[in-house]
Amino acid sequence: MFDRERVLLLVNPAAGKLRARSGLHEIIAPLCAAGMRVTVYTTSARGEAAEMARCHGQEFDRVICCGGDGTLNEVIDGMLNGGVKCPLGYIPAGSTNDFAATLGLPADLGAAARLQVEGEPHNLDVGCFNGNRYFSYIASFGAFTSSSYTAPQSAKNALGHLAYVLEGIKDLPALQPVTLSAVTDDGRQFEGSFIFGAVSNSTSIGGMVKLDASLVDLADGFFEILLIKMPQNLGELNRILYALTARDYTASPSFQLTRARSLTVTTEERLPWSLDGEYEAGDTRAVIHAVPHALKIIT
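Residues numbered from 1 in each chain as written. Predicted model: local features only at pLDDT ≥ 70, side-chain atom pairs only at ≥ 80, totals over all residues. Heavy atoms only, no water.

What about the packing of aromatic side chains?
Point 1. Counting across every chain of the model gives five aromatic pairs.
Point 2. Ring geometry for Phe129 and Trp273: centres 5.5 Å apart, planes at 65°, overall edge-to-face. Within this pair, whereas Phe129 is found in strand β5 (residues 121-129), its partner Trp273 is found in strand β15 (residues 273-275), the two being separated by 144 residues in sequence. The same class applies to Phe129 and to Trp273, which are both buried.
Point 3. Ring geometry for Phe141 versus Trp273: centroids 5.1 Å apart, planes at 70°, classification edge-to-face. Of this pair, Phe141 sits in strand β7 (residues 138-142) while Trp273 sits in strand β15, and the two are 132 residues apart along the sequence.
Point 4. Relative accessible area serves as the criterion here: at 2%, Phe141 is assigned to the buried category.
Point 5. For Trp273, a relative accessible area of 1% puts it in the buried group.
Point 6. Through a chain of ring-to-ring contacts, the aromatic side chains of Phe129, Phe141 and Trp273 assemble into a single cluster. (Phe/Tyr/Trp six-rings, centres within 6.5 Å; stacked < 30°, edge-to-face > 60°. Helix = DSSP H or I, 4+ residues; strand = E, 2+ residues; numbered from the N terminus. Buried < 20%, exposed > 50% of the residue type's maximum accessible area, 1.4 Å probe, protein only.)

See the structure below:
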C-alpha cells in the first residue's frame, strides 16, 4: 500500500513516562508492514527535532513525530521554517497530550501507529508568534503557563497536570497579574489585569480548560481566545478554581472567551509566553495569528 514511501520518524525517548523508548518496536512494526521505509531519529536535546525536520524533512514523503506536545511543536516549527510540504503524523507519547486529544488520536502507541497507515491527511491551521516561531495549538501566558515548562515530569505523572497547577495558584497573594491591552484583528479590545491568557486551536488548554468540540474547528482560520481576569478576593478566586475543575466557565465572570484570526498583546514589561508548553521569552508586544491550512496532518 505504501511501498517504498520514505518516512522520517522523529522520536523523543524522554517524553512522558519514557513510553516511546519502551514501545519503539510497537510503533515501527505496523509502518514497516505497510511497506514504508522508515528512518528513525531519536532526539537527545531540545531543538533537535526542529533541526531534523527543517534540514531533512524535504527528503521524505512523510514526517512522523513521536513524543509530547512540545516535540510536536518543534517538528511543526522546523517543517514550516524549512518549507517542508509533506504530510505530518503524530504518535502521542507525552504526559498531557492536549493536542492529541483534540485530534482524536489513540493513546495506545500501537493504535496511533496503525492510524498512520489507515488515516487520511487533513488540513490544519497553526499559529505564528511574532512572525518567526510557529506553534501547533496554544500560545499562553500567566499563572498556569510556567508550570508547563517548569513542572518536574515526576510531578506531572503523579498528580496530573490540572492538580499540579491548581496546587500552585490557590494562594491569592501569590498570584502575579499581567496588566495588558489586547486587540483582535477586527478591532475588539480587552484591557486590565489578567492571571492567564491563551490563544488556542484546541479543545484542551494546558490539560485544564476543556472546550466543547463544537466550538473548535482546526482548519477554519480562527483561534479561540481565553482571558481570565485577576480575582479581587478569595471568593472570586474560588469561583475561578471551581469553574476550572467543573469545566463550567459561566460559573465565574472572570472568564472571557472569544475567537479571532489574530491577537496583538501589549504590556509595559516583557511578558514570557509558553508555546505548546515550550518557553518563549516574549517582549512587550506579541502578535499572534492563525496560518490557515499551514500543513496536513494524518488523523
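Now that the structure has been shown, we can carry on.
Here's the deal with the confidence of the model for the chain
Point 1. Considering every residue of the chain, the mean pLDDT works out to 85; 85% of them sit at 70 or more.
Point 2. For the chain, per-element mean pLDDT is lowest for helix α8 (residues 153-159), which scores 42, and highest for strand β14 (residues 262-267), which scores 97. (pLDDT = per-residue confidence, 0-100.)

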